[in-house]
Amino acid sequence: MGIFGLSLRNLLRHPVRSLLTALSLMVAIFLLCSLRSMVTALTAAATEASTTRLWVQSAVSLYVGMPLSYPTRIEAIDGVKEAFPFQWFGGVYQDPSNFFGQFAVDPEKLLRAYPELVWLEGSPEDFIGTRTGALVGTGLAKTFDWKVGDKIPLSGALFPHPDGVDVAWDFEVVGIYEASKASLDENTFFFHWDYFEKTLEVDRDAPVEVGAIVVSIEPTTSATRVMSEIDALYENGPQRVQTTTESEFQAQFASMFGNVPFFVSVIGGAVLAAIVLACINTMLMAAREQTHDIGIMKSLGFPDTSMFRLLLTQSFLLCGVGGAMGLGLALGSEGGMRELVSSMLPAYRILDETKILAVVLIVVIGLVAGIAPALRSSRLKCIDALSARE
Amino acid sequence: MLVPLSYNLRSLFVRRSASLLTIFGIAATVATVAGVLALQQGFASIYAESGREDVAVFLRPGSTYEGDSVFTRERGAYLVKGLQEAAVDEEGLPLAGIECFLAIRRFKLSGGETNVPIRGVQPATFAIRGDEIEIVEGRTFTPGTNEVIVGRRLTGRIRDCDVGDVITLNTTPCQVVGVFESGGTFDSEIWGDMDSILTALNRYGPNRVIARLADGVSLEALAARLKEDKQAPAKVLTERAYLSSQTTALSLVLKFLSGFLGLIMGIAAVFTATNTMLSAIAARTHEIGILLATGFRPVAIFLSFLFESLLLGLLGGLVGCLLTLPINGIETGTTNFQTFTEIAFAFRVTPSVLMTAVLFSLLLGLVGGMLPAWKAARLTPTQALRRG
């Protein structure tokens, strides 16, 4: 029987203990993978962002809009293909807990600016031709079981309907899309800017403004130049603007989570610390019990290095099995977890680098847990080991 | 007859390396849960403790947050004038004022952008709040000018928030002339003159009205009256109720997070405790045999090992609490995603956090000790004496 077989036998000598240790390592690796994937999901939209779309917002506040004349003036800049309003609506569907993004957009320009938008149901013509039409992401369609033709009432928490606070805005689902890249969220509800603007124009204390403007530029144009030209256009008012690349635009939302990624790392560290201690504990117990066996093997002529390898192999075997189960669990539950957190982190995915990190950690834990028992066993004197009682 | 407790204490000490590893494993779990709870406590307390019962907040019907609420200046003034329910000052004027509110883009000193609330107030706000607002550095702003004062928790975290700095609102430079402290959410805000700020930000109307209620006024009656008002319908609630309604979502997420982490890490900690106890029992099979042979009942053996496991849990819990204590008072900031503004607060390791931590650690010890203690109690004296 080789070292490997003997290691396996030794681990199975205490099946409950080995199982519990492997299971706790499984839990820890699963937790680390999911926590890290949540953090990477925060920034996913920024990393896959389009390079031909720029975003214009008020430089003063997220809550302040820009005059309606802005998109037209921006379209006159050299290198700009099109510019259109992208207006946060903030409506409520049935209950405030049903949170998802709704945006008033120019339908034709939206479809031209977002090549990653893939039609699943309905057609571009229906969306463009229906004034109250809504184009919804497949994530939303699944969550609320929406089909093409469904009537969707949204109450305007941010923009009350002019006919009264209790009057809902009526929409009709005319299309369902999916995204071929993470730069487009599959939980978004798009509808006509014209419907939004014309409804609000009636009886309003303040003029209708536009919250964000999407600018699509020629691929060959320098984004930096266009950005500074747009900013310069309104340097002295009426509303100063801040033009960013799409990746900076997405990153600003990620940065608002503030210290969350840091907290998650601290938690991950605590999980790791706890689990390393558990593995060390198990390996120390195993080594103590095997002292007598080691004495016998040494007296039979097995070299010290074999003893070292025997204990280290056990540690790697134990951690490898537990860690592999944890990684397997994390990968297996990826779809379920994505649905669980889809409203907040639609881009939940276990990236390759997370998998690599998990494998590296498993190896390191195996080494850390096994090294002390392995060294001790290789240094034991034959006579001391033999005289030890189990 | 029960097995003497000193037996367990000694055996924990004899197997101290395994005991310590288990204790620290439990401690790490408990500390994580306690840390997240301390974050939630710090966050919730800043909202709950600063809201006043005798101050009423008036919002546009249908809005839940002052950022969403809009009044025209005329409607606001009409509300203030007709407010018989408000307390009055020495000159007989109602203690009520209009405020404007906006979350503005600011940059953190540590890098990155965040949303800082700016509030434009009238002199009435200071009259309503009395001593609540304390200037800790510099002086307060002069009404009618572009001067502003900043909350204490902004200095040192947000750019341009020291006395003498200039904050530019759209195109208007505003001089920071003082730092104030209130102990609540206002400490993360910038304050200035309402009319100047509305002009600087090019806003059309203020966002809310606040008033100090006269003694004996029923808030329900006031709310009912203004709900039906033709000229300026409004939603009325106490400041405390308003502020605590702003925390529900984040508090829920943090409690869910601590529960989720507690469950997952708790499972791992229970496994470790079980392992330690199993090996403790395997090493002491002979002793268990002696105990049984001298007349101790299996129940006593069961309780003895369960106690030992509980003790492991408790020690882990205490170490975990010690690990958590240093974070008490550390200031941090997070975005309250209900309001999308950044709020600064300190971790608070409250007695209830520590209590939860200790109870959790005992639970870990209890669950972890069940199986091993059961195994130990099932041994027969002859079996046990023969082994080991």
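Going by the structure above, here's the rest.
Each chain has its residues counted from 1, running along the sequence as written. Whichever chain is written first becomes A and whichever ligand is written first becomes 1, with later ones labelled in order. Thresholds applied to this predicted model are a pLDDT of at least 70 for local features of residues and 80 or more for the giving and counting of side-chain atom pairs; totals over whole chains, interfaces and linings are not thresholded and use all residues. Think of the side-chain values as coming from all heavy atoms in the structure, minus any hydrogens and water.

Chemist: Please provide a residue-by-residue account of the packing of aromatic side chains, values included.
Modeler: Residue and element names in this part refer to chain A. The aromatic pairing rule takes the rings of Phe, Tyr and Trp, using the six-membered ring of Trp, and pairs them if the centres are within 6.5 Å, calling planes under 30 degrees apart stacked, those over 60 edge-to-face and the rest tilted. In this structure the tally under the stated criterion is 36 aromatic pairs over all chains. With 5.5 Å between their ring centres and 65 degrees between their planes, Trp88 and Phe103 make a pair best called edge-to-face. Here Trp88 is found in strand β2 (residues 80-88), whereas its partner Phe103 is found in strand β3 (residues 101-105), with 15 residues between them in sequence. In this scheme, a residue with accessible area under 20% of its type's maximum is buried, one over 50% is exposed, and one in between is partly exposed, where area comes from a 1.4 Å probe on protein chains only. When its relative accessible area of 16% is taken as the criterion, Phe103 is described as buried. Only DSSP runs of H or I with at least four residues qualify as helices, and only runs of E with at least two residues qualify as strands; both kinds are numbered from the N terminus onward.

Chemist: Can you lay out the interface of chain A and chain B for me, pointing to particular residues and giving the numbers?
Modeler: Counting residues at the interface gives 57 residues for chain A and 55 residues for chain B. Accessible surface is computed with a 1.4 Å probe, and the buried area is the amount of it that two parts give up when combined, taken over both parts together. Buried surface at the junction of chain A and chain B, both sides included, amounts to about 4600 Å², of which 63% is carbon and sulfur. We define a salt bridge as a contact between a side-chain nitrogen of Lys or Arg and a carboxyl oxygen of Asp or Glu at a distance within 4 Å. Here chain A is connected to chain B by one salt bridge. Here B:Arg203 and A:Glu209 are joined by a salt bridge, their closest N and O atoms 3.4 Å apart. We call two residues contacting when some pair of their heavy atoms lies within 4.5 Å.

Chemist: I'd like to hear about the pairing of strand β8 (residues 188-192) of chain A, residue by residue, with values.
Modeler: All names here are of chain A. Among the five residues that make up β8, five are buried, leaving the element largely enclosed by the rest of the structure. Two strands pair under a simple rule: DSSP has to find at least two bridges between them. For β3 and β8, the ladder comprises five bridges, and the chain directions are parallel. In the strand pairing of β8, Val105 is matched with His192. Of the pairings in the sheet, the one linking strand β5 (residues 133-137) to β8 comprises three bridges and is antiparallel in character. Looking across to β8, one finds that Ala134 is bridged to Phe191.

Chemist: I'd like a rundown of the nonpolar core, residues and numbers included.
Modeler: In this structure, A:Leu25, A:Leu31, A:Ile275, A:Leu311 and A:Ile365 are the most contacted members of the largest nonpolar core, which totals 45 residues. Looking at this core, the elements with two or more residues in it are α2 (15-47), α10 (260-289), α11 (291-299), α12 (304-332) and α14 (352-379) of chain A together with α2 (16-48) and α8 (248-283) of chain B. Of all the elements, α10(A) adds the most residues to this core, at 11 residues. Ignoring sequence-local partners within four residues, the contact set of A:Leu311 consists of A:Met283, A:Ala287, A:Gln290, A:Ile294, A:Pro373, A:Ala374 and A:Ser377. To define a nonpolar core, start from buried Ala, Val, Leu, Ile, Met, Phe, Trp, Tyr and Cys residues and group those joined through side-chain atoms within 4.5 Å. Within the second largest apolar cluster, 42 residues are counted, among which are A:Ala134, A:Phe159, A:Val215 and A:Ile217.

Chemist: Describe unusual backbone geometry, naming the residues involved and giving the relevant values.
Modeler: The phi angle at A:Gln94 is positive, at roughly 60 degrees, despite the residue not being glycine. Of note, A:Gln94 is situated in the loop between β2 and β3. Phi is positive for B:Asn170, which is not a glycine, with a value near 55 degrees. Note on placement: B:Asn170 falls in the loop between β6 (166-169) and β7 (172-181).

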